[in-house]
Amino acid sequence: MFANFLNKAVDAIPPSVSAKLLTTTPQALFDWKRDSSFRQFVNYAYKNSKFYREKFDIYKIDPRKVRKPSDLKDFYTTAEDVVNHAEDMLCSRPHMVFESSGTTGRNKRIYMSQEDLDHSGALDRVGFYLWGIRPGDRVVNAFDFSIWIPGHLTQRGLEKSRLFTLAAGKSDPMEVYKRIPVYNINVVFGEPTWLIKLTEIAEEKGAYPLKLLIGGAENMPEAARPWMEKVWKGAKVRMVYASVECGGVLGFESEPRCDGYHVDEGDYYIEIADPDKDGYGEVVFTTLGRSVMPLIRYRTKDSSRIIDKPCPCGMRYRRLAKLRGRTDEMVVSAGGNLYPLMFEKIFKTVEGLMSDWQIVFKLRGLKEVMELNLELKDGASKDNVKENILTNIKELYPDIWKNYSISIFEMEFIYHPAGSLRAGARKLIRLADKRYTD
Ligand SMILES: [Zn+2]
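Conventions adopted
Residues numbered from 1 in each chain as written. Predicted model: local features only at pLDDT ≥ 70, side-chain atom pairs only at ≥ 80, totals over all residues. Heavy atoms only, no water. Core = buried A, V, L, I, M, F, W, Y, C linked by side-chain atoms within 4.5 Å. Buried < 20%, exposed > 50% of the residue type's maximum accessible area, 1.4 Å probe, protein only. Helix = DSSP H or I, 4+ residues; strand = E, 2+ residues; numbered from the N terminus. Domains from an automatic or database assignment. Axes fitted to C-alpha atoms, helices over the stretch in contact; angles between N-to-C directions. Parallel < 35°, antiparallel > 145°, perpendicular 65-115°, else oblique. Left-handed = near helix turned anticlockwise from the far one by under 90°. Contact = heavy atoms within 4.5 Å. Nonpolar A, V, L, I, M, F, W, Y, C, P; charged D, E, K, R; others polar. Expected span 1.5 Å × (residues − 1). Buried area = accessible area lost by both parts, 1.4 Å probe. Salt bridge = Lys/Arg side-chain N within 4 Å of Asp/Glu carboxyl O. Polar contact = N/O pair within 3.5 Å; in protein donor to acceptor, adjacent residues only side chain to side chain. Pairing = 2+ DSSP bridges. Donors = N, O, S within 2.8 Å, 3.2 Å for Na, K, Ca; no water. Tetrahedral: all angles 85-135°; square planar, octahedral: opposite > 155°, others 65-115°.

Novice: Describe the nonpolar core, and please don't skip the residues or the numbers.
Specialist: One finds Met228, Trp232, Phe347 and Ile389 to be the most contacted residues of the largest nonpolar core, which totals 101 residues. Considering every element that reaches this core, the biggest residue donor is helix H9 (residues 192-205), with six residues. There are two domains that each give this core at least three residues, and those are domain 1 (2-326) and domain 2 (331-433). Ala19, Leu22, Phe128 and Trp131 belong to the second largest nonpolar core, which has 20 residues in total.

Structure (structure tokens):
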């Protein structure tokens, strides 16, 4: 396929040249490449995937007539499609699968081929170059290596870049801290809350001369960045916008840092669905670089807007503003991706609890706090309730427990009289995210 051929050609170019092309290629050429890749992927998906063929037929879409996303009218793909029909979306034989970390029953599944993974690694290599990573830099990759995606994909990019790497995975930050001087590490990749924990240790015990910390997969509290850069004596902190469904990095902060995430428009066709008067709406993307499981007009449930102004850094790729939140009730927390259903399961067998509860996510300084607001029955023992909840979390959600036990976040138990949480409201918001509200 032409788009694949073009991707391979782009992958073969040294990262220094690719980086230069991102600011010097005429905009019209970028737009042409994006539009033609889009057309080809729509036709390719129709021809090779059961899911898209059936859906396009239902929506009476003739793929040969599709020129741009709006030609697909109200056809979108959703998280539910990726949960229920991932295998029907496949266009060719996969070599690897990644799952979402959420525990909603069945997880989202994203399949990739070696070619897709190679391409993703080649893109990372360009990103690393843009951030100023050079041969001779030494990296610790502390992204999670479970069935979730960021550890593996980052590792792919690091291998392509031939960078010396400690593939630590999401281990105890203290263990990683001890190894920084052993291996002369100067670049650290990890989730923001994990990076914050590492920085707390450095603040107490002394910082090593890092040059860069890269975070992703969660939001970063705004106050954390200047503090981290100060503790690490001038190291830069940069963030990426990525997810399992993206199958790579959709957006990245450039160096020097500019407002928002530059979208990799060579690999994602980005749209904002149902924008409000400020331009904020749901981020929707179409993958332009994946051959096994293309996602066409995938609704991310993330809320953002496109920054239309050209960026002072000169990069042609447009920017997405910092995410404003989720359009559903999931909370991407330091403990993992959390849903109301998970807490229902945790509380189900705990004696002494009423049915109403609310989890509030807050920041205390830079530390994330998960506040469990619970209503107790008359005579219930607070100690027993707390102990049983902790036991259930440990048994049911070892990932949350792991993050709690290595102090990535704190938990607080607040008890209320029966019937007081709802206080007349018909619907009680189960997961209230107050970390980033102004
Ligand atoms: Zn920029």
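Novice: So, the packing of helix H6 (residues 114-130) against helix H7 (residues 150-160): which residues are in play, and what are the values?
Specialist: Two elements in contact, H6 and H7, have axes whose closest approach is 7 Å; the angle formed by their N-to-C orientations is 70 degrees. The pairing of H6 with H7 is recorded here as roughly perpendicular in orientation. With respect to the hand of their crossing, H6 and H7 are arranged in right-handed fashion. Residues Gln114, Leu117, Asp118, Ser120, Gly121, Ala122, Asp124, Arg125 and Phe128 of H6 lie in contact with H7, whose contacting residues are Leu153, Thr154, Arg156, Gly157, Leu158 and Lys160. Considered class by class, the residues forming the contact of H6 with H7 number five nonpolar, five polar and five charged.

Novice: Describe H9, naming the residues involved and giving the relevant values.
Specialist: Its 14 residues place the ends of H9 20 Å apart at the C-alpha level, agreeing with the 20 Å of an ideal helix rising 1.5 Å per residue. Counting buried residues in H9 gives 10 out of 14 residues, a clear majority hidden from the surface. Inspection of H9 places Pro192, Thr193, Trp194, Leu195, Ile196, Lys197, Leu198, Thr199, Ile201 and Ala202 among the buried residues, and these make up the whole buried set. Looking at the buried positions of H9, the neighbouring elements they touch are helix H8 (173-182), strand S5 (187-190), strand S6 (212-215), helix H10 (224-231), strand S7 (236-243) and strand S19 (367-376). Note on H9: the residue one or two positions beyond its end, glycine 206, has a positive phi of about 115 degrees.

Novice: Please set out the domain arrangement of the chain residue by residue, giving values where relevant.
Specialist: Many structure descriptions define interface size as the accessible area lost when the parts assemble. Per the domain assignment, the segments making up the chain are domain 1 (2-326) and domain 2 (331-433). Listed as interface residues are 21 residues of domain 1 and, on the opposing side, 17 residues of domain 2. With both chains or domains summed, domain 1 and domain 2 bury close to 1,600 Å², and 63% of this area falls on carbon and sulfur atoms. Across the contact surface, domain 1 and domain 2 share zero salt bridges. Linking domain 1 to domain 2 there are two residue pairs in polar contact (both at pLDDT 80 or more). Listing elements by their share of the side of domain 1 that touches domain 2, those giving two or more residues are H9 and H10. For the side of domain 1 that touches domain 2, the leading source of residues is H9, giving five residues. The class makeup of the residues in the side of domain 1 that touches domain 2 is eight nonpolar, six polar and seven charged.

Novice: An account of the sheet that holds strand S21 (residues 431-433) is needed here, citing residue identities and associated values.
Specialist: Pairing between sheet strands relies on hydrogen bonds along the backbone, with the strands arranged either parallel or antiparallel. In spatial order, the strands read S20-S19-S18-S21; together these four strands make up an open sheet with mixed pairing. Each having just a single partner strand, strand S20 (409-417) and S21 make up the two edges of the open sheet. Strand-to-strand, the axes of this sheet are offset by a mean angle of 20 degrees, without reference to chain direction. In the sheet, strand S18 (residues 353-364) pairs with S21 via three bridges, with the strands oriented parallel. Counted as the bridge partner of isoleucine 359 is leucine 431 from S21. Where helix H12 (residues 382-396) meets the sheet, it contacts S18, S19 and S20, and its direction lies at approximately 140 degrees from that of S20.

Novice: So what about the sheet that holds strand S8 (residues 248-252)? Which residues, and what values?
Specialist: Ordered by their spatial adjacency, nine strands build an open sheet running S4-S3-S5-S6-S7-S8-S9-S14-S13, and the pairing between neighbours is mixed. Each edge of the sheet is formed by a strand with only one pairing partner; in this case those strands are strand S4 (164-166) and strand S13 (306-307). Strand contacts of H10: S6 and S7, with the helix running at about 135 degrees to S7, the strand carrying the most contacts.

Novice: Quick one: what's the story with the coordination of the zinc ion, residue by residue and with numbers?
Specialist: At 2.0 to 2.2 Å from the zinc ion lie its protein donor atoms, namely Cys258 (SG), His262 (NE2), Cys311 (SG) and Cys313 (SG). Geometry at the zinc ion is tetrahedral, judged from the four donor atoms that bind it and their angles of 96 to 127 degrees at the metal. Read in sequence order, the donor residues for the zinc ion give the motif C-x3-H-x48-C-x1-C. One end of the pair, histidine 262, is in strand S9 (residues 261-263); the other, cysteine 313, is in the loop between S13 and strand S14 (319-320), and 51 residues separate them in sequence. What makes histidine 262 buried here is its relative accessible area of 0%.

Novice: Just give me the short version of the pairing of strand S11 (residues 281-287), but keep the residues and values in it.
Specialist: Taking burial as the measure, the seven residues of S11 include seven buried ones, the bulk of the element. Examined bridge by bridge, strand S10 (residues 268-273) and S11 share six bridges and lie antiparallel to one another. Looking at the pairing, glutamate 271 lines up with valine 284 of S11.

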